[in-house]
2 protein chains.
Amino acid sequence: MNYPNGKKQEYKKVINYANRGMDLESIINETNEYLLEKDIAIIYKKPTPIGIVKVSYENNKEVITRAYFASPSTLDYNGVYKGKYIEFDAKKTESRTSFPLANIHEHQIKHIRNIINHKGIVFLIISMNECYYLLNGPDLISFIDSQTRKSIPYDYIKENAYELEYNYNKGLNYIKYIDVIGGFTNEEA
Amino acid sequence: MNYPNGKKQEYKKVINYANRGMDLESIINETNEYLLEKDIAIIYKKPTPIGIVKVSYENNKEVITRAYFASPSTLDYNGVYKGKYIEFDAKKTESRTSFPLANIHEHQIKHIRNIINHKGIVFLIISMNECYYLLNGPDLISFIDSQTRKSIPYDYIKENAYELEYNYNKGLNYIKYIDVIGGFTNEEA
């Protein structure tokens, strides 16, 4: 296809706008597919936890006919990178000034502390103010432990989290910062 | 409670018989609860993967009214031990002479290879002939790659897998062998 002067740029712009509407879960899933395809890391979204109430049989096949959504006590994504255990969750907030801690369940906080104690790599990917941030688990916990506020000010996130870049083909570049927080940069892994 | 001579031993015997009837999944789940409680490792069973077809609302609550069981492409259990990624599946066979490879889906085999490449610890716990064995992923793959048989002879399992011990309070001692296969024994982890 040949574009007249300026047209190509306009086309790119359209893609960027489209991406803005793409939900965070889709972006993470596409990122993880890219990482799997390129043999960089194996990260999966855990299946949605449900409580099954009733199973019926139709043409000798099991069909769930009643179930409810259970609340997760762990984070949504986990997997392996360079032998290390990775777990994270993706959270979006519409607030422009702070990230409400109500977004994270109490048992998820406990789980995050636990993963840190067992030397796993655990973090949040936060979508806020049209940007993506990787907030490392220990930075989240130290905020929670150091004060009583119910939300993390945007300034704390900008100062302590890593801003991620989105690429149309590769998704979010969060692996780059796992190299940093996992201590892989000065170590043969 | 006071037991007359010999009675206490008889009571223990009853527990052992009861355990024989306990299914493998319950034993693994209890083991993982013990490991979590004692702060040894964090291992969870992944939720059953399902495909949701229909969700209804009842009293403003979401209820799944139609869904089907999806086949898993990964293994059932994963988590973290000393920072390392752990993943495994539990398989039981009634055959006394060999473990049928049909028990493992083709995409699970591919996933096991992938975890090994990414330096994760991956294995099967096999229940067979009233014993429990931990077959390390690389030993499973080297069997599959070295010949064309559709099942693993019991002799191969006895020679290459680690026989696990079951304890009524602690469950299966599989962590002991993760220390061996994960190379933790001569290393500060």
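Predicted model only: the values in this text are computed from it and were never measured.

Caption draft 1: Highlighting the interface of chain B and chain A. Contact with chain B, which involves 36 residues of that partner, is made by 36 residues of chain A. Carbon and sulfur atoms make up 61% of the surface buried where chain B meets chain A, a total of about 3100 Å² over both sides. Interface area lost by chain B to chain A is led by B:Ile64, B:Phe69 and B:His118, which between them contribute 20%. Counting every contact that joins chain B to chain A gives two salt bridges. Where A:Arg66 meets B:Glu58, a salt bridge forms, and the shortest distance between an N and an O atom there is 2.8 Å. Here chain B is connected to chain A by eleven residue pairs in polar contact (both at pLDDT 80 or more). Within the residue set of the side of chain B that touches chain A, elements represented by two or more residues are strand S1 (42–45), strand S2 (50–58), strand S3 (61–69), strand S4 (77–81), strand S5 (84–92) and helix H3 (106–117) of chain B. If one sorts the elements of the side of chain B that touches chain A by residue count, S3(B) sits on top with eight residues. Per-class residue counts for the side of chain B that touches chain A are 19 nonpolar, ten polar and seven charged.

Caption draft 2: How the structure looks around the relation of the copies chain B and chain A. Note on the copies: chain B fits chain A at an RMSD of 0.1 Å, the axial shift is 0.1 Å, and the rotation between them is 180°. Viewed as a symmetry operation, the transformation between the two copies matches a two-fold axis.

Caption draft 3: Spotlight on the pattern of salt bridges. Taken as a whole and assessed by the stated rule, the structure comprises twelve salt bridges over all chains. Between A:Lys46 and A:Glu87 there is a salt bridge, with its nearest N and O atoms 3.3 Å apart. With A:Lys46 in the loop between strand S1 (42–45) and strand S2 (50–58) and A:Glu87 in strand S5 (residues 84–92), this residue pair connects regions lying 41 residues apart in the sequence. Neither A:Lys46 nor A:Glu87 differs from the other in exposure class; each is buried. Note that B:Asp155 and B:Lys158 form a salt bridge whose closest N and O atoms lie 3.8 Å from each other. One end of the pair is B:Asp155 and the other is B:Lys158, both in helix H5 (residues 154–160) and three residues apart, which spans about a single turn. For B:Lys158, a relative accessible area of 46% corresponds to the partly exposed category.

Caption draft 4: Structural view of the nonpolar core. Grouped together as the largest cluster of nonpolar side chains are 50 residues, with contacts concentrated most on A:Ile152 and B:Ile152. With sequence-adjacent residues up to four places away left out, B:Ile152 is seen in contact with B:Thr97, B:Ser98, B:Phe99, B:Leu101, B:Leu135, B:Leu140, B:Phe143 and B:Ile157. Grouped together as the second largest cluster of nonpolar side chains are 24 residues, B:Tyr77, B:Tyr81, B:Tyr177 and B:Phe184 included.

Caption draft 5: Layout of the packing of helix H3 (residues 106–117) of chain A against helix H4 (residues 137–146) of chain A. All names here are of chain A. Across the interface, H3 lies against H4 with an axial gap of 10 Å and an inter-helix angle of 125°. Our classification of the angle between H3 and H4 gives oblique. Crossing handedness for the pair H3 and H4: left-handed. Touching Ile109, Ile112, Arg113 and Ile116 of H3 are Gly137, Pro138, Leu140, Ile141, Ile144 and Asp145, all from H4. When the residues that make up the contact of H3 with H4 are grouped by side-chain class, the tally is seven nonpolar, one polar and two charged.

So, how was this worked out
- Residues numbered from 1 in each chain as written.
- Chains lettered and ligands numbered in written order.
- Predicted model: local features only at pLDDT ≥ 70, side-chain atom pairs only at ≥ 80, totals over all residues.
- Heavy atoms only, no water.
- Contact = heavy atoms within 4.5 Å.
- Buried area = accessible area lost by both parts, 1.4 Å probe.
- Salt bridge = Lys/Arg side-chain N within 4 Å of Asp/Glu carboxyl O.
- Polar contact = N/O pair within 3.5 Å; in protein donor to acceptor, adjacent residues only side chain to side chain.
- Helix = DSSP H or I, 4+ residues; strand = E, 2+ residues; numbered from the N terminus.
- Nonpolar A, V, L, I, M, F, W, Y, C, P; charged D, E, K, R; others polar.
- Least-squares fit on C-alpha atoms with pLDDT ≥ 70 in both.
- Buried < 20%, exposed > 50% of the residue type's maximum accessible area, 1.4 Å probe, protein only.
- Core = buried A, V, L, I, M, F, W, Y, C linked by side-chain atoms within 4.5 Å.
- Axes fitted to C-alpha atoms, helices over the stretch in contact; angles between N-to-C directions.
- Parallel < 35°, antiparallel > 145°, perpendicular 65-115°, else oblique.
- Left-handed = near helix turned anticlockwise from the far one by under 90°.

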